[in-house]
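Fold and contact review
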Amino acid sequence: MLPVVALMALLALPVSGDTARSGGGTPADVMSGVLVLLAVAGAVRRAERALSRTALVVLGLPVVGFAVAATGAADAATGLTGLGRYLQVFVLVPAAVLLLVRDRADLRVLAWAFVGLALVQGGIGAHQYATGTGASYMGADIRAVGTFGPTDVMGMATVVSYGVICAVGLALGAAPGTGTGTATGTATGAGAAVRQRVVALVCALLLLVPLALSFSRGAWIATAVACAAQLLLAGVRRAVAVGAVLAAVLVVLVGGVGVGTAMLQERVDSITKVTDAPDQSVLDRYTMWAAAVGMWRERPVTGVGLKNFPAHRDGHASLALSSGSDTAGAGSGFVRQPLLSPHNMYLLVLSEQGLLGLLALAGGWGALLVLGVRRLALVRGAAVRAPGGPSARGADCGLLACGLLVWQLVDFAYADIGGPSTVLTAVALGVVAWWALGADAR
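Keep in mind that what you see is a predicted model, and the values were worked out from it rather than measured. (Residues numbered from 1 in each chain as written. Predicted model: local features only at pLDDT ≥ 70, side-chain atom pairs only at ≥ 80, totals over all residues. Heavy atoms only, no water.)

Before going further, it helps to spend a moment on the overall build of the protein. A tally of helices and strands in the protein yields 17 helices and 4 strands. Partitioning the intrachain contacts of the protein with sequence separation of at least 6 by distance along the chain shows that 78% fall at a separation of at least 24. (Helix = DSSP H or I, 4+ residues; strand = E, 2+ residues; numbered from the N terminus. Contact = heavy atoms within 4.5 Å.)

This brings us to the packing of aromatic side chains. The description of two aromatic rings rests on the distance between their centres and on the angle between their planes. Taken as a whole and assessed by the stated rule, the structure comprises 10 aromatic pairs. With a centroid separation of 5.2 Å and an interplanar angle of 65°, the aromatic rings of Y162 and W407 are classed as edge-to-face. A residue pair is termed long-range when its members are at least 10 positions apart, and Y162 in helix α8 (residues 153–173) and W407 in helix α16 (residues 395–411) qualify at 245 residues. Accessibility expressed as a relative area gives 0% for W407, which makes it buried. (Phe/Tyr/Trp six-rings, centres within 6.5 Å; stacked < 30°, edge-to-face > 60°. Buried < 20%, exposed > 50% of the residue type's maximum accessible area, 1.4 Å probe, protein only.)

Now for the side chain of S341. In this fold, S341 is placed in the loop between β4 (332–337) and α15 (345–385). A residue is classified by how much of its surface remains accessible, and S341, at 14% relative accessible area, is buried. In terms of polar contacts, S341 uses its side chain to reach the side chain of D416, at 2.8 Å. Excluding residues within four positions of it along the chain, S341 makes contact with M288, F309 and D416. (Polar contact = N/O pair within 3.5 Å; in protein donor to acceptor, adjacent residues only side chain to side chain.)

You will see that F215, though not glycine, has its phi angle at about 55°, which is positive. Its place among the elements puts F215 in the loop between α9 (183–213) and α10 (217–234). Located in the positive-phi region is K307, a residue other than glycine, with phi close to 60°. Structurally, the position occupied by K307 is in the loop between α13 (280–298) and α14 (309–316). With relative accessibility at 45%, the residue K307 sits in the partly exposed group.

Turning next to the pattern of salt bridges. Taken as a whole and assessed by the stated rule, the structure comprises 3 salt bridges. The salt bridge partner of D106 is R102, with a shortest N-O separation of 2.8 Å. Overall, R102 belongs to the exposed group, its relative accessible area being 54%. (Salt bridge = Lys/Arg side-chain N within 4 Å of Asp/Glu carboxyl O.)

A few words now on helix α4 (residues 53–60). By the burial criterion, the buried members of α4 are A55, V58 and L59. Down the axis of α4, the buried side of the element spans an arc of 85°, and every buried residue falls inside it. Summarising the geometry of α4, the exposed residues directed more than 90 degrees from the buried face are R53 and V57. (Arc of directions from axis to C-beta.)

In this section: the environment of P420. Turning to its location among the elements, P420 is positioned in the loop between α16 and α17 (422–437). Residue P420 is classed as buried on the basis of its relative accessible area, which comes to 7%. Along the sequence, P420 and T26 sit 394 residues apart, while their C-alpha atoms lie 6.8 Å from each other. Contacts of P420, omitting those with residues within four sequence positions, involve L11, V15, T26, F148 and D152.

All right, on to the nonpolar core then. Ranked by size, the top nonpolar core spans 112 residues in total, and within it Y86, F90, F114, M345 and L404 carry the most contacts. Ignoring any residue separated from it by four or fewer positions in sequence, one finds M345 in contact with Y86, F90, W365, F412, A415, D416 and I417. (Core = buried A, V, L, I, M, F, W, Y, C linked by side-chain atoms within 4.5 Å.)

As a further point, take the environment of A193. Topologically, A193 is positioned in helix α9. Given the relative accessible area of 7%, A193 is considered buried. Note: C-alpha distance between A193 and G173 (20 residues apart in sequence) is 9.0 Å.

With respect to the secondary-structure elements, R313 resides in helix α14. For R313, a relative accessible area of 13% gives the class buried. Ignoring sequence-local partners within four residues, the contact set of R313 consists of A291, M295, L321 and L339.

Moving on to the environment of L371. As for its placement among the helices and strands, L371 is situated in helix α15. On a C-alpha basis, the gap between L371 and V432 in space is 9.9 Å, while along the polypeptide they are 61 residues apart.

Moving on, we get to the pairing of strand β2 (residues 140–143). Here strand β1 (residues 135–137) pairs with β2 via 3 bridges, running antiparallel. Its bridge partner being in β2, S136 is matched across the sheet by D141. Where β1 hands over to β2, the hairpin turn is made up of 2 residues, of which M138 adopts a positive phi near 55°. (Pairing = 2+ DSSP bridges.)

Here the focus is the packing of helix α7 (residues 104–131) against α17. The packing of two helices is summarised by the inter-axis angle and the distance between the axes. The geometry of α7 relative to α17 is characterised by a closest axis approach of 11 Å and an angle of 155° between their N-to-C directions. On the basis of their axis angle, the class for α7 and α17 is roughly antiparallel. Where α7 crosses over α17, the handedness of that crossing is left-handed. On the side of α7, the interface is formed by R104, L107, L110, F114 and L117, while α17 contributes L424, V427, A428, V431, W434 and W435. For the contact of α7 with α17, a count of residues per class yields 10 nonpolar, no polar and 1 charged. (Axes fitted to C-alpha atoms, helices over the stretch in contact; angles between N-to-C directions. Parallel < 35°, antiparallel > 145°, perpendicular 65-115°, else oblique. Left-handed = near helix turned anticlockwise from the far one by under 90°. Nonpolar A, V, L, I, M, F, W, Y, C, P; charged D, E, K, R; others polar.)

As a further point, take a nonpolar patch on the surface. Taken together, the side chains of V57, L61, V64, V68, V301 and L356 present a nonpolar region at the surface, about 470 Å² in accessible area. Position of V68 relative to the elements: it lies in helix α5 (residues 62–71). Judged by relative accessible area, V68 falls into the partly exposed class, the value being 30%. (Patch = residues over 30% accessible without salt bridge, like charges linked within 9 Å, V, L, I, M, F, W, Y side chains within 5 Å. Areas by Shrake-Rupley, 256 points an atom, 1.4 Å probe, with all protein chains shown as cover.)

Moving on to the confidence of the model for the protein. Residues of the protein with pLDDT of at least 70 account for 78%, and the chain-wide mean is 83. A low-confidence stretch, residues 178–185 stays under pLDDT 50, and its non-local contacts, those more than four residues away or across chains, total 6 contacts. (pLDDT = per-residue confidence, 0-100.)

Now the structure itself:
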């Protein structure tokens, strides 16, 4: 797991504003290429089929849509760049993680690496808020963005959200090992499970602070939905009990202690006003969504081509679209960021790759979700039949994998790929793929 953990550690390094704005490669992107080469070398050394037929179909089918859309790009260089990025995020890195993870112990290592990275980025973000050195938000440099800077304001929110979901999965699914068959071994396994549950729960609660300070409504919604799904998958009774405890804690913190600034409360209130009184950022998003739908109607099967959304945007957008978004703070000067995507992954794929690309890509995600939930149900069933047995352990891996996928599917309704943090999305999809498709997971 050292190469995968090293890739995640590189995401803790600061990203220069020029690199973030230009979409250039980062050390983590370079490491992702090394990761793929190591996975291929391992498969060749073992001289066996690397992936099952199901894995080849689920991970390989989107390549058809990517390749067709690349032929419709403005030029060959743009098409190859877009094709490489999509292959990196949705095919090559997830497949590499799938091949490198050997068992559930390895998957737990990755889960704790997600939590560790989230704590680092979240700690930096909380410090930015407390000292007024974050990204600009409503005229004040208080937005927590970690090391990703103001040009990738979703970066820290994404990392912290992954950490919360992994911590919740580890806490909910912690189960004692089989030990040595003795009373001492059983007690040791039970003690390790309790420690994992307590540490993971504390980490999840700590990470809620920087998540709130990211002021990212999309990340809040996706995290809430993913954690609710994890609770339901862990058991209805537990979901009701934990939900009641969380509601009581929120009432005490917000109502009794008064936790939360006026800006934070206003941001929360704005979630319910996206239709009645939307702000400019929401208006821009609606306008770009409409533009993406217009592009799809123009070319419904194959789309307008990879990375061609910016070129066709103005021809389909209304006058309500602003010229860009303002970014500043966190060590960067004022920059006017152009709006180059619809901030909706489904509509981005639909506009640039058409129905062919969307069905292939989203169909693979749907298959991963069905297979992942099914495998989790089998593990929970084994836990009922033989508590403490080898087949009964692994619910924590299933819960965090399913939670990561649910988060990603919800977040893609508000965001798309782009920025230095995108490579972590590829690693998360690899974790999901291992649980849903990996032979060892079965």
